[in-house]
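# Architecture and fold: a report
For reference, the chains in residue letters:
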Amino acid sequence: QVQLVESGGGLVQAGGSLRLSCAASGRTFSSYGMGWFRQAPGKEREFVAAITRSGGSTSYADSVKGRFTISRDNAKNTVFLQMNSLKPEDTAVYYCAAVRLGLAIISNPSRYDYWGQGTQVTVSS
């Protein structure tokens, strides 16, 4: 069982930055691939970024490529999402998720095993 707790969301002006954190419980964090997803009102949950268990591979949605960076610190059981040059269309609830094995990048949310409760990110124009 893995418990995930996101933090770092908030209100920011367009062009600003936020850094989301996701703290995981348990001693097997380094065996899980991690992903960030987001869901805006009235829309489906969508893939944002993912990272393999070693941190050696990352992947991003086209809409955030070049602006967002996913990283992880296995010693601290934490995964991060650095978000720069934020746009109003980035407004959503952001969720982190964990997938067992974590050897490959997975962008399909249905493949993930554990989810956090989400943190709100609001970007004003």
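Residues numbered from 1 in each chain as written. Predicted model: local features only at pLDDT ≥ 70, side-chain atom pairs only at ≥ 80, totals over all residues. Heavy atoms only, no water.

The subject of this paragraph is the overall build of the chain. When you go through the chain residue by residue, the secondary structure sums to zero helices and 11 strands. Starting at the N terminus, the α and β elements of the chain follow one another as β-β-β-β-β-β-β-β-β-β-β. Its C-alpha atoms give the chain a radius of gyration of 13 Å, within 12% of the compact-globule value 14 Å for 125 residues. Considered along the principal axes of its C-alpha atoms, the chain spans approximately 40 × 25 × 25 Å. Pairs at least 24 residues apart make up 60% of the contacts formed inside the chain by residues separated by at least 6 positions. For the chain, the exposed surface amounts to about 6300 Å²; the carbon and sulfur share of it is 46%. Positive and negative charge centroids in the chain, built from 13 and 8 side chains respectively, lie 7 Å apart. (Helix = DSSP H or I, 4+ residues; strand = E, 2+ residues; numbered from the N terminus. Rg over C-alpha atoms; globule rule 2.2 N^0.38 Å. Contact = heavy atoms within 4.5 Å. Areas by Shrake-Rupley, 256 points an atom, 1.4 Å probe, with all protein chains shown as cover. Lys, Arg positive; Asp, Glu negative; His and termini not counted. Charge placed at Lys NZ, Arg CZ, Asp CG, Glu CD.)

With that settled, the discussion passes to the packing of aromatic side chains. What the rule picks out here adds up to six aromatic pairs. Summarising the aromatic geometry, the rings of Tyr 95 and Trp 115 are spaced 6.4 Å apart at their centres and angled 80° between planes, so their arrangement reads as edge-to-face. Highlighted residues: Tyr 95 in strand S9 (residues 92–99) and Trp 115 in strand S10 (residues 114–115), separated in sequence by 20 residues. The buried category is assigned to Tyr 95, whose relative accessible area is 14%. Residue classification places Trp 115 among the partly exposed residues on the basis of a relative accessible area of 27%. It is Arg 45 that lies over the ring of Trp 115; its NZ or CZ is 4.7 Å from the centre. Above the plane of the ring of Phe 29 lies Arg 72, whose end atom (NZ or CZ) is 4.4 Å from the centre. (Phe/Tyr/Trp six-rings, centres within 6.5 Å; stacked < 30°, edge-to-face > 60°. Buried < 20%, exposed > 50% of the residue type's maximum accessible area, 1.4 Å probe, protein only. Lys NZ or Arg CZ within 6 Å of the ring centre and 35° of its normal.)

Bringing the side chain of Ser 21 into the picture now. Mapped onto the elements, Ser 21 comes out in strand S3 (residues 18–24). With residues up to four places along the chain from it excluded, the contact list for Ser 21 reads Val 5, Glu 6, Ser 7, Trp 36, Thr 78, Val 79 and Phe 80.

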